[in-house]
Amino acid sequence: MALFIVLLVLDIAVGMIYAKKGHPKVDMTAFWLKMLASGIFVLYGIYLYLNSSESQYGKLIVIGLVCGMVGDALLSFDPFIKKNQYEQRNMIITTVIGAAAFLAGHILYIVAFIKAMLGRDAFNPVVYAISMCIIAAITISVKTAAKVKLKKLLVPFIIYSLGLASMASFSISLALGAFGGHTAQQAVLFIGPVFFMISDASLGMKFSDRERFGSLKIRYLTLFTYYAAQMLIAYTISFV
């Protein structure tokens, strides 16, 4: 637990420095700061995997963490994209592939949570369905209250949101079904995916309207919840 807390604080601290350094535009220094922050949660996940039973669950989580690091790199690839007639096209390509890497990570987390539940005979479809409904209601309410207009991003937003909501719902189902009475473990399984949803929601708002949601404060929120989420998900390897 002590190592987790130290690395969690370090990861968030590096992430916050990156947030400031990379605003409004990511330069080479900011890029490597981001890679350092991502490397912390990946290496921590690998450490836990190697020092545990090297379970299938741990392997899936580690690969998911690596997907997150790949997504981080591609979404901040600006310093490596040449200023020419292909600049806009290349930025779109890296952004799309980066988002796909994150979605792949979410899918791996989902598979890991499902395997853990089935292994403990702990899956409850009612809990999953209720969680999905609550998350959907909150998402729609926030979108409406913030007056977020997705336009061309609507379909990708729905696909990505379903993957993210499923990940959170399966994690909540695992927490309630397999770790009843273990408050700390339940909290980790609850908070990690929920923080991921907050992070991706704030990032989606930025992409939809940079003028309204592109502030440094929103960026701090996005990255604080993101690095905390990845570290919390990595930590689940130690007890699931």
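All values derive from a computational prediction rather than experimental measurement. (Residues numbered from 1 in each chain as written. Predicted model: local features only at pLDDT ≥ 70, side-chain atom pairs only at ≥ 80, totals over all residues. Heavy atoms only, no water.)

Under the defined criterion, the tally for this structure stands at one cavity of 30 Å³ or more. Its volume calculated, the largest cavity comes out at about 30 Å³. What lines the largest cavity is simply K25, D78, I81, K83, E87 and M91. (1 Å grid on protein atoms, 1.4 Å probe; cavity = no way out; pocket = protein on both sides within 12 Å on 5 of 7 lines; lining within 4 Å. Points joined across faces, edges and corners; volume = space filled by probe spheres on them.)

A few words now on a nonpolar patch on the surface. A grouping of V126, I130, I134, I138 and V142 is seen on the molecular surface, where their side chains present a nonpolar patch of about 440 Å² in accessible area. As for its position among the elements, V142 is in helix α5 (residues 125-145). (Patch = residues over 30% accessible without salt bridge, like charges linked within 9 Å, V, L, I, M, F, W, Y side chains within 5 Å. Areas by Shrake-Rupley, 256 points an atom, 1.4 Å probe, with all protein chains shown as cover. Salt bridge = Lys/Arg side-chain N within 4 Å of Asp/Glu carboxyl O. Helix = DSSP H or I, 4+ residues; strand = E, 2+ residues; numbered from the N terminus.)

Here we come to the packing of helix α7 (residues 183-208) against helix α9 (residues 216-235). Between α7 and α9, whose axes approach to 7 Å, the crossing angle comes to 150 degrees. Judged by the inter-axis angle, α7 sits roughly antiparallel to α9. Of the two possible hands of crossing, α7 and α9 adopt the one that is left-handed. Partitioned by chemical class, the residues of the contact of α7 with α9 number 15 nonpolar, six polar and two charged. (Axes fitted to C-alpha atoms, helices over the stretch in contact; angles between N-to-C directions. Parallel < 35°, antiparallel > 145°, perpendicular 65-115°, else oblique. Left-handed = near helix turned anticlockwise from the far one by under 90°. Nonpolar A, V, L, I, M, F, W, Y, C, P; charged D, E, K, R; others polar.)

Bear in mind that shape data such as this cannot, by itself, settle questions of function.
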